Amino acid sequence: MSVREQGSGDGEHACLDLPTNRISHLLDTVVLRLGKAASWLWLATLAVVISNVVNRFILGRGSIALEELSWHFFGAAMVLTLAYAVVTNDHVRVDVIREKFTLRTQAWIEMLAIVILLLPILYIVLVELYQYGYRSFERGERSQAPSGLPYRFIIKTVIPIGLSLVAIAIVSRALRCSTLLFGYPRRFLSPAERDQRPTD
């Protein structure tokens, strides 16, 4: 990844495309691979929803377990792919003001927001959510419906796991901001970029 600027017809504005470093490259690779693996849950969700529709409206027999499984899969797929969106920068941004700043200003804003706001909030939320899942496991919590799903702790634990991946992704983002602003950690060059570098 490199730093680039995109121009517009009414003047120049900067778009943040952060340089990567060895640590962020490793973290991003892990998050991307896990995100791609988790994306298969969308197919599982679709299959369960279709099965539920067929059972309910064609065969005339609904299944509470299938209904619950569909939203379990949907929730798991959503939360486990959030970090992928952070790494690929496909998450929602309000760019009306931000896009008019220089690259360095964007990087400062992003790094400070991550360190001062996002990471502390995520830490507090994750501590509570992991306890939430553990309490569910201890109680052997299951669906309140007689024919519903057991092991409710599974979906309740998937939520903090997904947010932990988001935390990893934003730590990587902060490190990339640091590479741009301070040159540390040192920028990581892919083999293709190394081959393109001029030699003395």
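Residues numbered from 1 in each chain as written. Predicted model: local features only at pLDDT ≥ 70, side-chain atom pairs only at ≥ 80, totals over all residues. Heavy atoms only, no water.

1. Focus on the overall build of the protein
Phase 1: Scanning the protein for helices and strands turns up eight helices and two strands.
Phase 2: Overall, the protein shows an N-to-C arrangement of helices and strands of β-β-α-α-α-α-α-α-α-α.
Phase 3: Taking all 200 residues of the protein together, 36% fall into the buried category.
Phase 4: A separation of at least 24 residues holds for 73% of the contacts in the protein among residues at least 6 apart in sequence.
Phase 5: Within the structure as shown, the protein displays about 12600 Å² of accessible surface, and the carbon and sulfur contribution to it stands at 65%. (Helix = DSSP H or I, 4+ residues; strand = E, 2+ residues; numbered from the N terminus. Buried < 20%, exposed > 50% of the residue type's maximum accessible area, 1.4 Å probe, protein only. Contact = heavy atoms within 4.5 Å. Areas by Shrake-Rupley, 256 points an atom, 1.4 Å probe, with all protein chains shown as cover.)

2. Observations concerning the packing of helix α3 (residues 64-80) against helix α7 (residues 153-182)
Phase 1: Running from amino to carboxyl end, α3 crosses α7 at an angle of 15°, the nearest separation of the two axes being 8 Å. Viewed along their axes, α3 and α7 adopt a mutual orientation that is roughly parallel. Handedness of the crossing formed by α3 with α7: left-handed. Touching His72, Ala76, Val79 and Leu80 of α3 are Ile155, Val158, Ile159, Ile161, Gly162, Leu163 and Leu165, all from α7.
Phase 2: Its residues placed into classes, the contact of α3 with α7 shows nine nonpolar, two polar and no charged. (Axes fitted to C-alpha atoms, helices over the stretch in contact; angles between N-to-C directions. Parallel < 35°, antiparallel > 145°, perpendicular 65-115°, else oblique. Left-handed = near helix turned anticlockwise from the far one by under 90°. Nonpolar A, V, L, I, M, F, W, Y, C, P; charged D, E, K, R; others polar.)

3. Let's talk about helix α2 (residues 40-58)
Phase 1: The end-to-end C-alpha distance of α2 is 27 Å, a good match for the 27 Å that 19 residues give at a rise of 1.5 Å each.
Phase 2: Within α2, burial applies to Thr45, Val48, Asn52 and Asn55. Down the axis of α2, the sector holding all buried residues measures 100°, keeping them to one side. Residues Trp40, Phe57 and Ile58 are exposed on α2 and point more than 90 degrees away from its buried face.
Phase 3: In this structure, the buried residues of α2 make contact with α3.
Phase 4: Count one or two residues on from α2 and you reach Gly60, which has phi positive near 75°. (Expected span 1.5 Å × (residues − 1). Arc of directions from axis to C-beta.)

4. Some remarks on the side chain of His72
Phase 1: Following the sequence through the fold, His72 ends up in helix α3.
Phase 2: If we skip the residues at most four places from it in the chain, His72 touches Leu149, Arg152 and Ile155.

5. A short note on the pattern of salt bridges
Phase 1: For the coordinates displayed, the defined rule picks out six salt bridges.
Phase 2: Note that Glu141 is salt-bridged to Arg139, the shortest N-O span being 3.9 Å.
Phase 3: Since its relative accessible area comes to 56%, Arg139 is described here as exposed. (Salt bridge = Lys/Arg side-chain N within 4 Å of Asp/Glu carboxyl O.)

6. Quick notes on the confidence of the model for the protein
Low pLDDT means the predicted coordinates in that region are not meant to be read closely.
Phase 1: When pLDDT is averaged across the protein, the result is 86; 86% of the residues are at 70 or more.
Phase 2: For the stretch residues 1-16, pLDDT sits under 50, and the model shows 41 contacts to residues farther than four places along the chain or on other chains. (pLDDT = per-residue confidence, 0-100.)

7. A short note on a nonpolar patch on the surface
Phase 1: Judged by side-chain polarity, Trp40, Leu43, Leu46, Val49, Ile50, Val53, Val54, Phe57, Ile58 and Leu59 come together as a nonpolar surface patch covering roughly 1000 Å² of accessible area.
Phase 2: With respect to the helices, strands and loops of the structure, Phe57 is situated in helix α2.
Phase 3: Residue class for Phe57 comes out exposed when judged on its relative accessible area of 66%. (Patch = residues over 30% accessible without salt bridge, like charges linked within 9 Å, V, L, I, M, F, W, Y side chains within 5 Å.)

8. What about the nonpolar core?
Phase 1: In this structure, Leu80, Ala83, Leu122, Val158, Leu163, Val166 and Ile170 are the most contacted members of the largest nonpolar core, which totals 27 residues.
Phase 2: Every element with two or more residues in this core is listed here: α1 (22-38), α3, α4 (82-87), α6 (103-139) and α7.
Phase 3: Top contributing element to this core by residue count: α7, with twelve residues.
Phase 4: Non-local contacts of Ala83, meaning those with residues more than four positions away in its chain, are made with Val31, Leu165, Val166 and Ala169. (Core = buried A, V, L, I, M, F, W, Y, C linked by side-chain atoms within 4.5 Å.)

9. Description of the packing of α6 against α7
Phase 1: It is at 8 Å that the axes of α6 and α7 come closest, and there the two elements cross at 160°. Taken as axis vectors, α6 and α7 run roughly antiparallel relative to one another. With respect to the hand of their crossing, α6 and α7 are arranged in left-handed fashion.
Phase 2: Looking at the contact of α6 with α7 residue by residue, the classes come out as 28 nonpolar, five polar and four charged.

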